[in-house]
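Now for the letters of each chain:
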Amino acid sequence: MEGISLYTCGTVPIYALYRARAVILSVLFCGHVGASFSTYARQQTPPKPLDISRWANKRIMMIGAHPDDIEYFAGGTLAQIQRLDINISVSNLIVTNGNAGGLCYNSTGFQPPDYVCEQEELAFLRRREMLAAGEFLGAKNIWRCGFDDGMLISYHESMVRERISAFVRHWQPHVVITHFPYPNWDNPPTCNGNCTDVNKRWDDLGYHPDHKRVGMHVLNTCYGSGSAADNNKLFNGLFDAAGLRAWQAEELYFFAISASQPITHYISMDEDTIHTKSTALAKHHSQYPTPPEESVRWVGERIAEAVVERGGDDGHRKSSAGLFYEAYQAFF
């Protein structure tokens, strides 16, 4: 079952192709985004190492869609920030409560297969897990907006953006790091059936509706004077009633995982960093019954391949063998 629906933007057609189980939407904004992200990505300068030391004495805000997203996309970066010990203050903001996925458990172990794991119980467990993981990696604050997992597309943007704006204005971060606001079709959940090992697959890293929505909400919250964080006349109750003044972050980064997405910076993970990241993820016990070190390595290798393909490592390396990276796109 498939059909084509045609939209137009001036004289430029926009095609949306609907298929069973999937919707592939390709949008051309009146010639504004005529080139694909793949083309755009390859036109940029080679990625360079992320110099964390220049964030000394600054505040960082990590914004993730789900309780374990920050540790999965940026756990190695946070481990290195903690190791440097140069007064970088990190706060985590989790936009959903994570109540749509995971295994319930108690002090004696996981619940049996026939156990009804209610959304409320799962949200409670995941709240405790995000606190444990965030504290393990040195976060000073671990906040949660509390929206239902998997349902961000159904909440009006003004509601989500106001809540994110409140935390941004309160913490006043110099640097904000969050999800890429567009789908990454190069990283489908099971590599289109080619990744059969549960520890060597993309799962929902390349595309999850909540990831994309959070990325776009954060972009609209932080970008310029028209943003919600940097304008007291938007969501004026934040200022009038709560005294939360407008704030403009100095830098905004998106998580990056493949060469078809713009990659501007990367960090290299050594064995200690990989172990620390895996241990942090294991705090999310409902998601990872055991530390997912093999998965962390596999994803890190794939990201290293993307960085080397884009000319990272000063362009000297011909192979990414033995490298494990996390990567980012600096938007501003």
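Residues numbered from 1 in each chain as written. Predicted model: local features only at pLDDT ≥ 70, side-chain atom pairs only at ≥ 80, totals over all residues. Heavy atoms only, no water.

K.L.:
Looking at this structure, how should I read the layout of surface pockets?
P.N.:
Gaps between atoms show up when a probe of the same size as a water molecule is rolled over them. Reported here for the second largest pocket is a volume of approximately 540 Å³. Looking at the second largest pocket, it is lined by 24 residues, and the ones nearest its centre are D68, D203, D204, Q287 and Y288. A total of three residues in the lining of the second largest pocket trace back to one element, the largest contributor, which is helix α2 (residues 69-84). Across the lining of the second largest pocket, the residue classes tally to 10 nonpolar, seven polar and seven charged. (1 Å grid on protein atoms, 1.4 Å probe; cavity = no way out; pocket = protein on both sides within 12 Å on 5 of 7 lines; lining within 4 Å. Points joined across faces, edges and corners; volume = space filled by probe spheres on them. Helix = DSSP H or I, 4+ residues; strand = E, 2+ residues; numbered from the N terminus. Nonpolar A, V, L, I, M, F, W, Y, C, P; charged D, E, K, R; others polar.)

K.L.:
Where do I start with the nonpolar core in this structure?
P.N.:
Where a protein is soluble and globular, its nonpolar side chains tend to be buried together. If you look at the biggest cluster of nonpolar residues, it comprises 51 residues, and the most contacted ones within it are W55 and I177. Among the elements that line this core, the one with the most residues is helix α8 (residues 293-309), at eight residues. Not counting residues within four places of it along the chain, the set of residues in contact with I177 comprises W55, I60, M61, M62, I63, Y253, F255 and Y328. Membership of the second largest hydrophobic core comes to 24 residues, among which are V176, F180, L219 and C222. (Core = buried A, V, L, I, M, F, W, Y, C linked by side-chain atoms within 4.5 Å. Buried < 20%, exposed > 50% of the residue type's maximum accessible area, 1.4 Å probe, protein only. Contact = heavy atoms within 4.5 Å.)

K.L.:
Please explain empty space enclosed by the protein as it appears in this structure.
P.N.:
Counting across every chain of the model gives two cavities of 30 Å³ or more. Considering only enclosed or pocket space, the largest cavity measures out at about 60 Å³ in volume. Lining the largest cavity are F73, H179, F180, N184, L205, G206, K212, F255, A256, I257 and Q261. Considered class by class, the residues forming the lining of the largest cavity number six nonpolar, four polar and one charged. Taken as a whole, the second largest cavity holds about 40 Å³ of empty space. Y72, F73, L205, I257, K277, V299 and I303 together form the lining of the second largest cavity. Residue assignment for the lining of the second largest cavity shows that the elements contributing at least two residues are α2 and α8. Of the residues that constitute the lining of the second largest cavity, the class distribution is six nonpolar, no polar and one charged.

K.L.:
Would you mind going over the confidence of the model for the protein with me for this structure?
P.N.:
Any residue range with low pLDDT should be treated as having predicted coordinates unsuitable for detailed reading. Across the protein, the average pLDDT comes to 87, with 84% of residues at 70 or higher. In this model, residues 1-43 is a region of pLDDT below 50 whose contacts with residues beyond four sequence positions or in other chains number 61 contacts. (pLDDT = per-residue confidence, 0-100.)

K.L.:
Can you help me understand the state of the cysteines in this one?
P.N.:
Simply put, disulfide is the name for a covalent bond between the sulfur atoms of two cysteines. The final tally for this structure, using the stated rule, is two disulfides. Between the sulfur atoms of C191 and its disulfide mate C195 the distance is 1.8 Å. Across the S-S bond of C191 and C195 the torsion is about -80 degrees, and the bridge reads as left-handed. Exposure class is identical for C191 and C195. Each is buried. (Disulfide = S-S within 2.5 Å.)

K.L.:
Would you take a moment to explain the packing of aromatic side chains for this structure?
P.N.:
Aromatic ring pairs are described here by two measures, namely the spacing of the ring centres and the angle between the planes. If you walk through the whole model with that rule in mind, you get 18 aromatic pairs. Ring centres 5.8 Å apart and planes at 70 degrees place the aromatic pair Y105 and F110 in the edge-to-face group. With relative accessibility at 34%, the residue F110 sits in the partly exposed group. Aromatic pair W185 and Y207: ring centres 5.7 Å apart, planes at 15 degrees, arrangement stacked. Highlighted residues: W185 in the loop between β10 (175-178) and α5 (209-222) and Y207 in the loop between β10 and α5, separated in sequence by 22 residues. The exposure class assigned to Y207 is partly exposed, which follows from its relative accessible area of 38%. (Phe/Tyr/Trp six-rings, centres within 6.5 Å; stacked < 30°, edge-to-face > 60°.)

K.L.:
How do you make sense of the sheet that holds strand β5 (residues 59-64) when you look at a structure like this?
P.N.:
Strands in a sheet are paired, the pairing made by backbone hydrogen bonds, and the direction either parallel or antiparallel. If you walk across this open sheet you meet the eight strands as β4-β12-β13-β11-β10-β5-β6-β9, and the pairing is mixed. Only two strands of the sheet have a single partner each, and these edge strands are β4 (48-49) and β9 (141-147). Relative to β10, β5 runs parallel, the two being bridged by three bridges. Bridged to I60 within β10 is V175. Across the face of the sheet, helix α3 (residues 119-136) comes into contact with β6 (89-96) and β9 while running at roughly 155 degrees to β9. Docked against the sheet, helix α4 (residues 157-171) engages β5, β6 and β9, running at close to 165 degrees with respect to β9. (Pairing = 2+ DSSP bridges. Axes fitted to C-alpha atoms, helices over the stretch in contact; angles between N-to-C directions.)

K.L.:
Looking at this model, I keep getting lost on the side chain of E251. Mind explaining?
P.N.:
Counting through the fold element by element, E251 comes out in strand β11 (residues 251-256). A polar side-chain atom of E251 sits 2.9 Å from a polar atom in the side chain of R54. Among residues more than four places away in sequence, those in contact with E251 are R54, W55, H174, V175, V176 and F332. (Polar contact = N/O pair within 3.5 Å; in protein donor to acceptor, adjacent residues only side chain to side chain.)

K.L.:
Sorry if this is basic, but what is going on with unusual backbone geometry here?
P.N.:
Residues other than glycine predominantly adopt negative phi, and peptide bonds predominantly adopt the trans conformation. Of note in the backbone geometry, Q172 takes a positive phi value of approximately 50 degrees without being a glycine. Mapped onto the elements, Q172 comes out in the loop between α4 and β10. You can call Q172 partly exposed: its relative accessible area is 27%. Residues other than glycine seldom take positive phi values, yet F235 does so here, at roughly 50 degrees.

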